[in-house]
Amino acid sequence: MEIVYVYTKKRSEFGRQCNFSDRPAELHVDILPDESLTQNFIEKNPVDRGTQCVQEMSEHEINTERFETDTRGINHIEGGWPKDVNPQEVEQVLRYRKKVEKDEMYITTIQQLGSVMEHCIRQNNAIDIYEDYFADLEIEETEETPSAKTINVFRDPNEIKRTATHLSWYPDGARKLAVAYSNLEFQRSSADTSLDSYIWDIENPNKPEFTLKPVSPLVCLEYNPKDVHVLIGGCYNGQVAFWDTRKGSQAVEMSPVEHSHHDPVYKTIWLQSKTGTECFSASTDGQVLWWDIRKLGEPTEKLIMDPTKKGKMENAQGVLALEYEPTIPTKFMVGTEQGTIISCNRKAKTPAEKIVAVYKEHIGPVYSLQRNPFFPKNFLTVGDWTARIWSEDIRESSIMWTKYHMSYMTDGCWSPIRPAVFFTTKMDGTLDVWDYLFKQNDPTLSLQVCDEALHSLRVQDQGRLIATGSHTGTTTLLELSDSLCTMQRNEKALVTAMFERETKREKILESRQRELRLKRAGQSAQGEQDEEEGGPMDEEDPVARAEEDFFAMINADKKKRDQLKAKQEAEDEANAEKKDEDGKEKQDNDEKEVEEK
């Protein structure tokens, strides 16, 4: 039974009715031109007028209301079926379809549509609308100045601002950005401080697209590369949680406190696995824990970051940076609060064998650690006032490094497109872009993103978009110029040669230092023996001796190069004289032949 309610209104309430009728045009007023006005004008022939092909803009500015967009779902209900057919019943649907397919009207309509479609298909087969007409045309390379422009700014919507501690890009295209917010200043956060973190649509900075509600502030947050709806997060209280955006803002599951980290979780990374549910986390409590999100009751494996390889918690160093390369699934690296980089092998049998190598060069904590996407043997570390590039073959020292800056460095990462480009952020709010093929002493591009410290940095997989998070929770999205996100000609070969050259140089210096250490040890032992016997002692300064040996080596190399240069010049001079003699002899022979003729 249908319930119908009819609204009625009197005709008199509608107002007077408008009646229109057709009639021919009528002339009401005719104003003749005033010839006396022509004296006020100067006649020009021809008349030049300037025209612009762009739209004319107003010279004035006004403040308009901000346009806010919102994402809402639409409930699609299947309809159009007759009343006697239930679309949920498969048999009734099949019976109705057979009935319609036998209808003459249906057959006629399909035949008419078929002829139209056949015409379109033949057109597409005859003309390739996607043909690239200028595929063989070489593009002239232009020297473009490296630059970047700000696209959007996403601010923490809460009154009490927090630090944007970690960023993660949406795996399927640069459409969304997940930002973890947390106050890392111990015991300084207010009770009214929000715990929420957000997922932003990069085209809508006014309002977060999705809110994540953890029980403790998120220090890190990472998208699952195999499932765009799943995120893993590390909390300030040491717990690990994962979210499924299809199931709401609350965490689907969290690790129990007794089996979690004891300090904030600074990094979580998804592992390369068949299920796509395995991950591992690192914390300043000195542990690395492996998890499976299908069962977060306890970690599947744990490793204590003890550089002495004894596996004792009292020797463990707090982990701030974690690196994992999917192409090397058994290896991972950590950067510690003490400035140490530890290379580990997960598949080793004992804890001592799992810690493969220890690199020590930074004075302060290592805030960022990442392998070069094109050369996995070389990795970048950021800590204290400098960024360093390492080779796995050299443990004593990094092969390349930036100068020491006045401001503390906070984060860094490689470009996924160009092997020679990497990015760093500093406490003074500066984003530096380094291109080591262009210059090595100073950054190629330095941008003052904001007036406060930048704490996090993430580059999108296509290499064009870069996001930075600041101390008060402001996330700035920048777009790089083509020169910074387009592979240069022979760039991989040049970077390979550069890394190999610097690695070879460091190996030579390392072996030389080892020889000097052994020599000094032998001389100190000889000095002690002479002292006991009452003989003379060699009091030569070892630093001065090392400098003398180093410059002697350089001078010997220079002398060798000068000799090779002189030898080459002598050979060139001899070849030139021989060429002149051959030319003179040929000329004489030609003259002789002419005389004989």
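Described below are features of the structure shown in this document. Because the structure is a prediction, the values reported are computed rather than measured.

## Some points on the packing of aromatic side chains
1) Next: Taken as a whole and assessed by the stated rule, the structure comprises 18 aromatic pairs.
2) Next: Taking 5.4 Å as the distance between ring centres and 75° as the angle between the ring planes, the aromatic pair formed by tryptophan 290 and phenylalanine 332 counts as edge-to-face. Of this pair, tryptophan 290 sits in strand 12 (residues 287-292) while phenylalanine 332 sits in strand 15 (residues 331-336), placing them 42 residues apart in sequence. For the pair tryptophan 290 and phenylalanine 332, one class covers both residues: buried.
3) Next: Taking the centre distance of 5.5 Å and the plane angle of 70° together, the rings of phenylalanine 422 and tyrosine 436 count as edge-to-face. One end of the pair, phenylalanine 422, is in strand 23 (residues 421-426); the other, tyrosine 436, is in the loop between strand 24 (430-435) and strand 25 (445-448), with 14 residues separating them in the sequence. Across the pair, tyrosine 436 and phenylalanine 422 agree in class, each one buried.
4) Next: An aromatic cluster is defined as three or more aromatic residues linked by ring pairs; in this entry it consists of Phe154, Tyr181, Tyr198 and Trp200.

## What about empty space enclosed by the protein?
1) Next: In total, this model carries one cavity of 30 Å³ or more according to the counting rule given.
2) Next: As a volume, the largest cavity reaches approximately 40 Å³.
3) Next: Lining the largest cavity we find Leu271, Phe280, Trp290, Tyr324, Pro329, Thr330, Lys331, Phe332 and Arg346.
4) Next: Of the residues in the lining of the largest cavity, the class split is six nonpolar, one polar and two charged.

## Quick word on unusual backbone geometry
1) Next: Positive phi values are uncommon outside glycine, yet lysine 309 reaches one of about 65°.
2) Next: On the secondary structure map, lysine 309 appears in the loop between strand 13 (301-304) and strand 14 (319-323).
3) Next: Judged by its relative accessible area of 35%, lysine 309 falls in the partly exposed class.
4) Next: Of note, the phi angle at aspartate 384 is positive, near 45°, even though the residue is not glycine.
5) Next: Positionally, aspartate 384 belongs in the loop between strand 19 (378-383) and strand 20 (386-391).

## Points about the nonpolar core
1) Next: Ranked by size, the top nonpolar core spans 17 residues in total, and within it Ile389, Met400, Phe422, Tyr436 and Phe499 carry the most contacts.
2) Next: Put simply, the parts of the chain that give this core at least two residues each are strand 19, strand 20, strand 22 (409-414) and helix 4 (491-533).
3) Next: The element best represented in this core is helix 4, accounting for three residues.
4) Next: In contact with tyrosine 436, other than residues within four places in its own chain, are Ile389, Met400, Trp401, Thr402, Ala420, Phe422 and Met498.

## What about the pattern of salt bridges?
1) Next: Across all of its chains, the model carries 25 salt bridges by this definition.
2) Next: Of the charged contacts in the structure, one is a salt bridge between arginine 458 and glutamate 222, with a shortest N-O distance of 2.6 Å. With arginine 458 in strand 26 (residues 454-459) and glutamate 222 in strand 6 (residues 218-224), this pair connects stretches of sequence that are 236 residues apart.
3) Next: Residue classification places arginine 458 among the partly exposed residues on the basis of a relative accessible area of 24%.
4) Next: The partner of lysine 426 in a salt bridge is aspartate 432, with the nearest N and O atoms 2.6 Å apart. Note on accessibility: lysine 426 and aspartate 432 belong to one class, buried.
5) Next: Here the residues in one salt-bridge network are Arg501, Glu502, Arg505 and Glu506, joined through shared partners.

## Quick word on the sheet that holds strand 24
1) Next: Strand order in this open sheet of four strands is 22-23-24-25, and the pairing throughout is antiparallel. Single-partner strands in this sheet number two, and they are strand 22 and strand 25. Neighbouring strand axes in the sheet, compared pairwise and without regard to direction, differ in orientation by 15° on average.
2) Next: Two elements, strand 23 and strand 24, share five bridges in a ladder whose sense is antiparallel. When the bridges of strand 24 are listed, phenylalanine 422 appears paired with tryptophan 434.

## Focus on the side chain of glutamate 392
1) Next: Position of glutamate 392 among the secondary structure elements: in the loop between strand 20 and strand 21 (400-401).
2) Next: Residues contacting glutamate 392, with those up to four places away along its chain left out, are Lys331, Tyr359, Arg371, Lys377 and Phe379.

## Considering the pairing of strand 11 (residues 278-283)
1) Next: Along strand 11, five of the six residues are buried, which leaves the element largely enclosed by surrounding structure.
2) Next: Sheet analysis places strand 10 (residues 265-270) next to strand 11, joined by five bridges and oriented antiparallel. When the sheet's bridge partners are listed, isoleucine 269 is paired in strand 11 with phenylalanine 280.

## Looking at the pairing of strand 26
1) Next: Here five bridges tie strand 26 to strand 27 (residues 465-470), and the two strands are oriented antiparallel to one another. Note on strand 27: the bridge partner recorded for arginine 458 is alanine 467.
2) Next: Linking strand 26 back to strand 27 in an antiparallel pair, the connection comprises five residues, with glycine 463 at a positive phi of about 80°.

## Concerning the sheet that holds strand 7 (residues 227-235)
1) Next: Spatial ordering of the open sheet is given by 6-7-8-9, a layout of four strands whose pairing is antiparallel. One side of each edge strand has no neighbouring strand; the edge strands of this open sheet are strand 6 and strand 9 (253-254).
2) Next: Pairing geometry for strand 7 and strand 8 (residues 240-244), over five bridges, is antiparallel. Within the sheet, the bridge partner assigned to glycine 233 lies in strand 8 and is alanine 241.

## Some thoughts on a nonpolar patch on the surface
1) Next: Taken together, the side chains of Tyr106, Ile107, Ile110 and Leu113 make up a nonpolar region of the molecular surface, amounting to roughly 340 Å² of accessible area.
2) Next: Within the fold, isoleucine 107 resides in helix 2 (residues 104-126).
3) Next: Classification of isoleucine 107 as partly exposed rests on a relative accessible area of 36%.

Conventions used here
Residues numbered from 1 in each chain as written. Predicted model: local features only at pLDDT ≥ 70, side-chain atom pairs only at ≥ 80, totals over all residues. Heavy atoms only, no water. Phe/Tyr/Trp six-rings, centres within 6.5 Å; stacked < 30°, edge-to-face > 60°. Helix = DSSP H or I, 4+ residues; strand = E, 2+ residues; numbered from the N terminus. Buried < 20%, exposed > 50% of the residue type's maximum accessible area, 1.4 Å probe, protein only. 1 Å grid on protein atoms, 1.4 Å probe; cavity = no way out; pocket = protein on both sides within 12 Å on 5 of 7 lines; lining within 4 Å. Points joined across faces, edges and corners; volume = space filled by probe spheres on them. Nonpolar A, V, L, I, M, F, W, Y, C, P; charged D, E, K, R; others polar. Core = buried A, V, L, I, M, F, W, Y, C linked by side-chain atoms within 4.5 Å. Contact = heavy atoms within 4.5 Å. Salt bridge = Lys/Arg side-chain N within 4 Å of Asp/Glu carboxyl O. Pairing = 2+ DSSP bridges. Axes fitted to C-alpha atoms, helices over the stretch in contact; angles between N-to-C directions. Patch = residues over 30% accessible without salt bridge, like charges linked within 9 Å, V, L, I, M, F, W, Y side chains within 5 Å. Areas by Shrake-Rupley, 256 points an atom, 1.4 Å probe, with all protein chains shown as cover.

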